[in-house]
Amino acid sequence: MSTYRDFADRGSARATVLKTVGTKERRSHLTAPRVPTVGIDIGGTKVMAGVVDADGNILEQLRTETPDKSKSPKVVEDTIVELVLDLSDRHDVHAVGIGAAGWVDADRSKVLFAPHLAWRDEPLRDAIASRLVVPVMVDNDANTAAWAEWRFGAGRGEDHLVMITLGTGIGGAILEDGQVKRGKYGVAGEFGHMQVVPSGHRCPCGNRGCWEQYSSGNALVREARELAAADSPVAHYLLDRVKGNVSDITGPLITELAREGDAMCIELLQDIGQWLGVGIANLAAALDPSCFVIGGGVSAADDLLIGPARDAFKRHLTGRGYRPEARIAKAQLGPEAGMVGAADLARLVARRFRRANRRRVERYERYAQIYDQAASTIRNTRSTRTVD
C-alpha cells in the first residue's frame, strides 16, 4: 500500500477544509458530480470503507477492526487514512465522507462525543483533510444511513422520513423535504435515550429507563442471558447451543434459533419488537413522518421483530383510527447503508471542490498565457536588437 507521502506527491496539496454543505441538500444532490467518492463507517468494532458511485453502487469495499478505544484518536485517524489511500491506488477518488458513531457538531467538523472511541471534542474533519488531497465530510452514522435509505433504499420517494437503527443501542435520524435535520447543536436523533420506563434499567448514558434498554441488541442479549444464567427450562435449547457458556449468547444466535422455531427466542424478539412499536408511536406523535425505516443489525430478524412492532405501533398511536398511519419498512441497504450515505453526502462537497479546482486551473491557464505572451514579446525584442 502506498504511503501518504507517495500519494501526496501525485498532485498539489489541495486539502484545505471546505465549509460544510448548505441546507439545500435535496436540490444539490441532483446536480452533484457523478464521480466516485469514498464512504467511511466507523463503529465500536469495525471501520468499513468503500468506493461508491453516483448511483449508490459499491465499487470496492475494505474492512478492518477498530483500534482499541484506550488508544489515542490519532490511531483511528491513521486507520482511516490508510484505507482511503489503499482505495485511491485503484480508484479516482474525489471526496471522502465519514459516518461516525457519536455526536457530531452542527458544522460537521468535530466529533463531540463517541461512546466507543476516545473522541471528545475531536476535530476529525480537519485532522483527516490535512492528510489527504481531497475534501472531507463528517456526519453522524445514523444520519448517513438515513440519507442512503432515502436516496437508494426503503425511503425513496418519502418527504418525511425517520430512520431507527437497532444495534448495540438505538440510533436515529430525521429527514424532512430531503434535508437531514441535525438540530441546533448537531445531535438530533438520539432516540435511544428517550425515557420510556421511569426508574427502569440503568443505561450507560447515566439515566434510567432509556428506550434502548428495552429495544436493542443489548436488551435482547441481556434478557436471553438472564434466563440462561437462571437455568430456566425455556432456555435449555439455547444453553445446549452454547454448550452452557452463557457469555457466548449473541443476538445473531437468538435470531437464528427464533427462525428455527425456538419458542423462547421468538418471544424475546416479540418483546423487543413491542417496545420498538411503543417508541415509534411516541415519535409519530412528535414528528408525524410518513415513513419509519428500521435498520441496524437487529433488523435482520425481519418480521419476527417488525411484525410485533407494527402491531404495538397501531395499539399505542395517538388518535389511532382517526389519522393516517406512517409506513414501517425494513432498511434495504443493510450494514453498508452508513458507508453509502457518507460517500453520497461527500459527493456534494466534491462538487464545490471541483468548481474551486477548475477556477484554479483557469487562473493558471490565464497566467500561463500571459507569461507566454510576455516571453514571446521579449524574444521578439531581443531578435530585433540583434538584427540592428
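- As annotated in an unreviewed UniProt entry, the protein is Glucokinase from Streptomyces cyaneofuscatus.
- Regarding the protein, the UniProt comment filed under Sequence similarities (unreviewed entry) reads as follows: "Belongs to the ROK (NagC/XylR) family."

Comments concerning the overall build of the protein
Argument step 1. Counting its regular elements, the protein contains eleven helices and 13 strands.
Argument step 2. For the protein, the residues scored as buried account for 50% of the 388 residues in total.
Argument step 3. Intrachain contacts of the protein at a sequence separation of at least 6 include 66% that bridge at least 24 residues.
Argument step 4. As displayed, the protein offers around 18,800 Å² of accessible surface, 49% of which is attributable to carbon and sulfur atoms.

Re helix α10 (residues 303-316)
Argument step 1. Its 14 residues give α10 an end-to-end C-alpha distance of 19 Å, which sits within 8% of 20 Å, the value for a rise of 1.5 Å per residue.
Argument step 2. Looking at α10, one finds that the buried residues are L305, I306, G307, P308, A309, A312 and F313.
Argument step 3. Considering only its buried residues, α10 is in contact with β9 (160-166), α9 (263-287), β12 (291-295) and β13 (327-330).

Considering the packing of aromatic side chains
Argument step 1. With the rule as written, the count across this model stands at four aromatic pairs.
Argument step 2. Consider the rings of F292 and F313, whose centres lie 6.2 Å apart with planes at 65°: the pair is edge-to-face. Of the two residues, F292 sits in strand β12 while F313 sits in helix α10, which places them 21 residues apart along the sequence. Like F292, the residue F313 is buried in the burial classification.

Points about α9
Along an α-helix, a turn takes 3.6 residues, which lines up residues three or four apart on a common side.
Argument step 1. Here α9 contains 25 residues, and its C-alpha end-to-end distance of 35 Å stays within 8% of the 36 Å for a straight helix at 1.5 Å per residue.
Argument step 2. Phi turns positive, to about 50°, at D288, one or two residues after α9.

Regarding the pairing of strand β1 (residues 37-42)
Argument step 1. A large share of β1 lies buried, amounting to six of its six residues.
Argument step 2. Strand direction decides the pairing type here: β1 and strand β2 (residues 46-52), joined by six bridges, are antiparallel. From the neighbouring strand, I40 faces β2, where its bridge partner is A49.
Argument step 3. Taken together, β1 and the strand that follows it, β2, pair antiparallel across an intervening segment of three residues.
Argument step 4. Relative to strand β4 (residues 96-100), β1 runs parallel, the two being bridged by five bridges. Pairing of I40 across the sheet is with I98, part of β4.

Remarks on the state of the cysteines
Argument step 1. A full pass over the atoms with the stated rule returns zero disulfides.
Argument step 2. The structure places no disulfide on C203, whose sulfur is separated from the nearest cysteine sulfur, that of C205, by 3.7 Å.
Argument step 3. In this structure C205 comes out as partly exposed when scored by relative accessible area, which is 39%.

Observations regarding the pairing of strand β3 (residues 58-65)
Argument step 1. In the sheet, β2 pairs with β3 via seven bridges, with the strands oriented antiparallel. Residue pairing for β3: V51 is matched across the bridge by E60.
Argument step 2. Hairpin connection, β2 to β3: the antiparallel pair is bridged by five residues, and G56 has positive phi, about 85°.

Focus: the nonpolar core
Argument step 1. In this structure, I164, L166, L276, I280, F292, I294 and F313 are the most contacted members of the largest nonpolar core, which totals 42 residues.
Argument step 2. Every element with two or more residues in this core is listed here: β9, β10 (170-176), α6 (217-229), α7 (236-241), α8 (251-259), α9, β12 and α10.
Argument step 3. Examining the composition of this core, we find that ten residues originate from one element, α9, more than from any other.
Argument step 4. Judged by nonpolar contacts, the second largest core, of 30 residues, contains A49, V76, V111 and L124.

So, unusual backbone geometry
Argument step 1. Backbone geometry at D177 places phi at a positive 50°, although glycine is not the residue there.
Argument step 2. With respect to the element layout, D177 can be found in the loop between β10 and β11 (179-180).
Argument step 3. Residue D177 is classed as partly exposed on the basis of its relative accessible area of 42%.

A short note on the side chain of E212
Argument step 1. Looking at where E212 falls in the secondary structure, it is placed in the loop between β11 and α6.
Argument step 2. For E212, which is buried and forms no salt bridge, the nearest opposite charge comes from R222, at a distance of 8.9 Å.
Argument step 3. Beyond its immediate sequence surroundings of up to four residues, E212 is in contact with G169, I170, G192, H193, C203 and A219.

A closer look at the pattern of salt bridges
Argument step 1. Enumeration over the complete set of coordinates arrives at 19 salt bridges.
Argument step 2. Between R131 and D78 there is a salt bridge, with its nearest N and O atoms 2.7 Å apart. One end of the pair, R131, is in the loop between α4 (124-129) and β8 (136-140); the other, D78, is in helix α3 (residues 73-88), and 53 residues separate them in sequence.
Argument step 3. A residue is classified by how much of its surface remains accessible, and R131, at 21% relative accessible area, is partly exposed.
Argument step 4. With its nearest N and O atoms 3.7 Å apart, the salt bridge here joins D303 to R310.
Argument step 5. D303 sits in the exposed class, given a relative accessible area of 55%.
Argument step 6. Owing to a relative accessible area of 31%, R310 belongs among the partly exposed residues under this scheme.
Argument step 7. Bridged by salt links that share partners, the residues E60, D86 and R90 form one connected network.

Calculation criteria
Residues numbered from 1 in each chain as written. Predicted model: local features only at pLDDT ≥ 70, side-chain atom pairs only at ≥ 80, totals over all residues. Heavy atoms only, no water. UniProt positions renumbered as here; feature names shortened; annotations may be inferred. Helix = DSSP H or I, 4+ residues; strand = E, 2+ residues; numbered from the N terminus. Buried < 20%, exposed > 50% of the residue type's maximum accessible area, 1.4 Å probe, protein only. Contact = heavy atoms within 4.5 Å. Areas by Shrake-Rupley, 256 points an atom, 1.4 Å probe, with all protein chains shown as cover. Expected span 1.5 Å × (residues − 1). Phe/Tyr/Trp six-rings, centres within 6.5 Å; stacked < 30°, edge-to-face > 60°. Pairing = 2+ DSSP bridges. Disulfide = S-S within 2.5 Å. Core = buried A, V, L, I, M, F, W, Y, C linked by side-chain atoms within 4.5 Å. Lys, Arg positive; Asp, Glu negative; His and termini not counted. Salt bridge = Lys/Arg side-chain N within 4 Å of Asp/Glu carboxyl O.

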